[in-house]
Amino acid sequence: MKHLISMVDVEGELEAIIDDGIDMKRNGYRRDLADKILAMIFEKSSTRTRVSFEVGMQKLGGHTIFLGKNDIQMGRGETIEDTALVLSRYAHLIMYRAFSHTDMVELANHATVPVINGLDDEEHPCQVITDLMTVKEHKNRLKGLKAVYFGDGSNNMANSLLLGCTMAGMDISIVAPRQYWPADAYVNKAREWGKVTVTEVKEGAALDADVVITDTWVSMGDETEKKERLAALHPYQVNAAVMQEAKPDAIFMHCLPAYYGNEVTKEVAHGPQSVIFDEAENRMWAQMAVMKWLLK
Ligand code: CP
Ligand code: NVA
């Protein structure tokens with residue numbers, strides 16, 4: 001049985017999943033998951049993840065059940081193990097948006113059906129598979145492209161981008177203040193697949209970039225650090241000057257939600273090089289492909 005907990009889990013399968021997402025988007029889809037049930041546990045807020053899984057599963061003929069953590073007994077102390085074992089008796093798939101990667105792994109260890117990581121404190125694989133699908137849609141390839149990520153290099157998006165971009169044959173730079181650099185484990189794993197640069201120096205970092213990426217400076221769970229994060233990350237904003245440095249046909253990406261005036265200006269995010277709403281749409285197509293792959 002397969003799970004999607006980390007980008008590592010799609011090694012060797014990534015391009016096939018992406019291509020299936022693009023194919024369904026362009027050419028249509030069938031009821032491949034007719035009568036399948038996806039249970040979704042949310043410990044954190046969500047717009048895209050919830051709606052894209054619900055609509056995507058409906059398109060494939062299946063159904064979803066939304067479980068806010070405080071609506072289920074897990075919120076009152078029922079163990080993750082028992083929750084996993086019980087939900088596995090009703091559902092064919094479980095999606096989990098968690099605060100803790102340890103809890104994510106525990107759920108997957110006990111579930112008897114595939115578990116999908118819908119974001120935790122370490123990774124956001126659904127988003128990065130989607131992002132790579134979006135890059136391929138716009139650039140017709142992945143191999144040999146250069147991605148540059150500015151901002152919080154220590155968050156879930158940075159970690160999954162490191163793994164996903166290198167696995168896809170892209171170079172990736174993380175441009176962040178030293179205290180927000182990614183953990184060595186992610187950098188070292190990514191370096192097994194491709195070229196990784198981690199730097200504090202913003203000037204010149206976007207040169208030759210095909211893809212410029214950022215994410216919020218204050219991820220869910222980091223709210224108590226908001227003040228110091230905004231101060232430290234302020235110089236790493238993606239703005240017109242950064243986009244000027246990148247290739248003229250570079251695209252701008254952000255998983256959303258965005259905080260305009262912080263990690264990116266609205267001018268860039270809603271400008272001609274931005275593909276942020278394609279990314280949002282593609283969550284649905286990519287996750288349809290992920291669910292089909294997990295249940296194959
Ligand atoms: N990008 C993303 O995961 O968005 P939501 O938090 O709205 O699900
Ligand atoms: N890094 C962000 C992504 C939100 C989709 C967070 O974890 O809040």
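Heads up: the structure comes first, above all this text.
Criteria and thresholds
- Numbers given to residues run from 1 along each chain, matching the order in which its sequence is written.
- The order in which chains are written sets their letters, starting at A; the order in which ligands are written sets their numbers, starting at 1.
- Per-residue local features are limited, in this predicted model, to residues with pLDDT of at least 70; the limit for side-chain atom pairs, both in listing and counting, is 80 or more; totals at the level of whole chains, interfaces and linings are taken over all residues.
- Side-chain numbers here rest on the full set of heavy atoms in the structure, without hydrogens or water.
- A pair of strands counts as paired when DSSP detects no fewer than two bridges linking them.
- Numbered from the N terminus, helices here are DSSP runs of H or I no shorter than four residues, and strands are runs of E no shorter than two.
- Axis lines are fitted to C-alpha atoms, over the contacting stretch for helices. Their N-to-C directions set the angle, which ranges from 0 to 180 degrees.
- It suffices for a single heavy atom of a residue to lie within 4 Å of a molecule or strand for the residue to be listed as near it.
- Under the rule applied, a polar contact is a pair of N or O atoms within 3.5 Å (in protein, one hydrogen donor and one hydrogen acceptor; residues adjacent in sequence only if both atoms are side-chain atoms).
- Residues are called lining when one of their atoms sits within 4 Å of a cavity or pocket point, these points coming from a 1 Å grid over the protein atoms alone, where a cavity is a set in which a 1.4 Å probe fits but cannot get out and a pocket is an open set with protein on both sides within 12 Å along at least five of seven lines.
- To decide whether a molecule occupies a pocket or cavity, check its atoms: if more than half lie within 2 Å of the grid points, it is inside.
- Under the scheme applied, nonpolar residues are Ala, Val, Leu, Ile, Met, Phe, Trp, Tyr, Cys and Pro; charged residues are Asp, Glu, Lys and Arg; polar residues are all the others, including Gly.
- Salt bridge, as used here: a side-chain nitrogen of Lys or Arg that lies within 4 Å of a carboxyl oxygen of Asp or Glu.
- In summary, the pairing rule links any two rings of Phe, Tyr or Trp, Trp by its six-membered ring, whose centres are within 6.5 Å, and it sorts them by plane angle into stacked for under 30 degrees, edge-to-face for over 60 and tilted for everything else.
- Three labels apply to residues, based on accessible area from a 1.4 Å probe with only protein chains included: buried if under 20% of the type maximum, exposed if over 50%, partly exposed otherwise in between.
- Two limits define a charge over a ring: the Lys NZ or Arg CZ must be within 6 Å of the ring centre, and within 35 degrees of the ring normal.
- Every accessible area reported is derived by Shrake-Rupley at a probe size of 1.4 Å, with residue values counting cover from the shown protein chains alone.
- Grid points are joined across faces, edges and corners, and a volume is the space filled by probe spheres set on the points.
- By definition in this entry, angles of less than 35 degrees are roughly parallel, angles greater than 145 are roughly antiparallel, angles of 65 to 115 are roughly perpendicular, and the rest are oblique.
- Throughout, a crossing is termed right-handed when the near helix is turned clockwise from the far one, and left-handed when it is turned anticlockwise from it by less than a right angle.
- Contacts between residues were defined by any pair of non-hydrogen atoms, one from each residue, lying within 4.5 Å.

Examining the sheet that holds strand E9 (residues 251–254)
Strand order in the open sheet made by the 5 strands is E7-E6-E5-E8-E9, with parallel pairing throughout. Taken across any chain shown, the strands that pair with only one partner, and hence form the sheet edges, are strand E7 (196–199) and E9. When the angles between neighbouring strand axes are averaged without regard to direction, this sheet yields 20°. The sheet contact formed by strand E6 (residues 171–175) and E7 spans 4 bridges and is parallel.

So, the site of ligand 1
Neighbouring residues of ligand 1: Ser-46, Thr-47, Arg-48, Thr-49, Arg-97, His-124, Gln-127, Cys-255, Leu-256 and Arg-283. Within the contact set of ligand 1, an oxygen atom lies 2.7 Å away from a side-chain nitrogen or oxygen of Thr-49. Within the backbone of Leu-256, a nitrogen or oxygen atom sits 2.9 Å from a nitrogen atom of ligand 1. Among the detected pockets, ligand 1 sits in the largest pocket. Along the lines of polarity and charge, the residues of the shell around ligand 1 split into 2 nonpolar, 5 polar and 3 charged.

Here's the deal with the pattern of salt bridges
Inspection of every chain in the model, using the stated rule, returns 16 salt bridges. Linking Asp-19 and Lys-136 is a salt bridge whose minimum nitrogen-to-oxygen distance equals 2.8 Å. You can see Asp-19 sitting in helix H1 (residues 14–27) and its partner Lys-136 sitting in helix H5 (residues 125–139), a full 117 residues away along the chain. In this structure, Arg-178 and Glu-200 form a salt bridge, with 3.9 Å as the shortest nitrogen-oxygen distance. Of this pair, Arg-178 sits in the loop between E6 and helix H7 (184–191) while Glu-200 sits in the loop between E7 and strand E8 (211–214), and the two are 22 residues apart along the sequence.

Section: the packing of aromatic side chains
Taken as a whole and assessed by the stated rule, the structure comprises 2 aromatic pairs. A centroid spacing of 5.9 Å and a plane angle of 50° characterise the contact between Tyr-29 and Trp-285, whose relative ring orientation is tilted. Within this pair, whereas Tyr-29 is found in the loop between H1 and strand E1 (37–42), its partner Trp-285 is found in helix H11 (residues 276–295), the two being separated by 256 residues in sequence. For Trp-285, a relative accessible area of 7% puts it in the buried group. Positioned above the aromatic ring of Phe-66, the side-chain terminus of Arg-50 is 3.7 Å from the ring centre. The residue whose ring lies beneath Lys-189 is Trp-193, and the NZ or CZ to ring-centre distance is 5.1 Å.

Here we look at the site of ligand 2
If you check the shell around ligand 2, you find Leu-119, Asn-155, Asn-156, Asp-215, Thr-216, Ser-219, Met-220, Cys-255 and Leu-256 and nothing else. In this structure, a nitrogen atom belonging to ligand 2 sits 2.7 Å away from a side-chain N or O atom of Asp-215. Expressed as a share of its isolated accessible area of 270 Å², the protein-covered part of ligand 2 is 95%. In this structure the site holding ligand 2 corresponds to the largest pocket. Residues that form the shell around ligand 2 fall into these classes: 4 nonpolar, 4 polar and 1 charged.

Structural notes on the layout of surface pockets
In this structure, the largest pocket occupies an estimated 450 Å³ of space. Taken together, 27 residues make up the lining of the largest pocket; nearest its centre are Thr-216, Val-218, Met-220, Pro-257 and Tyr-259. Those elements giving two or more residues to the lining of the largest pocket turn out to be helix H2 (48–59), helix H6 (156–167) and helix H8 (226–233).

Brief notes about the packing of H2 against H11
Relative to each other, H2 and H11 sit at 55°, their axes nearing to 8 Å. Comparing their axes, H11 and H2 come out oblique. Relative to H11, H2 is oriented so that their crossing is right-handed. Taking contact as the criterion, the partners of Arg-48, Thr-49, Ser-52, Phe-53, Val-55, Gly-56, Met-57 and Lys-59 in H2 are, on H11, Ala-280, Arg-283, Met-284, Trp-285, Gln-287, Met-288 and Met-291. Of the residues belonging to the contact of H2 with H11, the class tally is 8 nonpolar, 4 polar and 3 charged.

Concerning the packing of H5 against H11
Two elements in contact, H5 and H11, have axes separated by 8 Å at closest approach and are oriented at 110°. Judged by the inter-axis angle, H5 sits roughly perpendicular to H11. The two elements H5 and H11 cross, and the hand of that crossing is right-handed. Contacts between H5 and H11 involve Cys-126, Gln-127, Ile-129, Thr-130, Asp-131, Met-133, Thr-134, Glu-137 and His-138 on the former and, on the latter, Asp-278, Glu-279, Asn-282, Arg-283, Trp-285, Ala-286, Gln-287 and Val-290. Its residues placed into classes, the contact of H5 with H11 shows 6 nonpolar, 6 polar and 5 charged.

Everything listed here is a matter of coordinates, which is why it stays silent on function.
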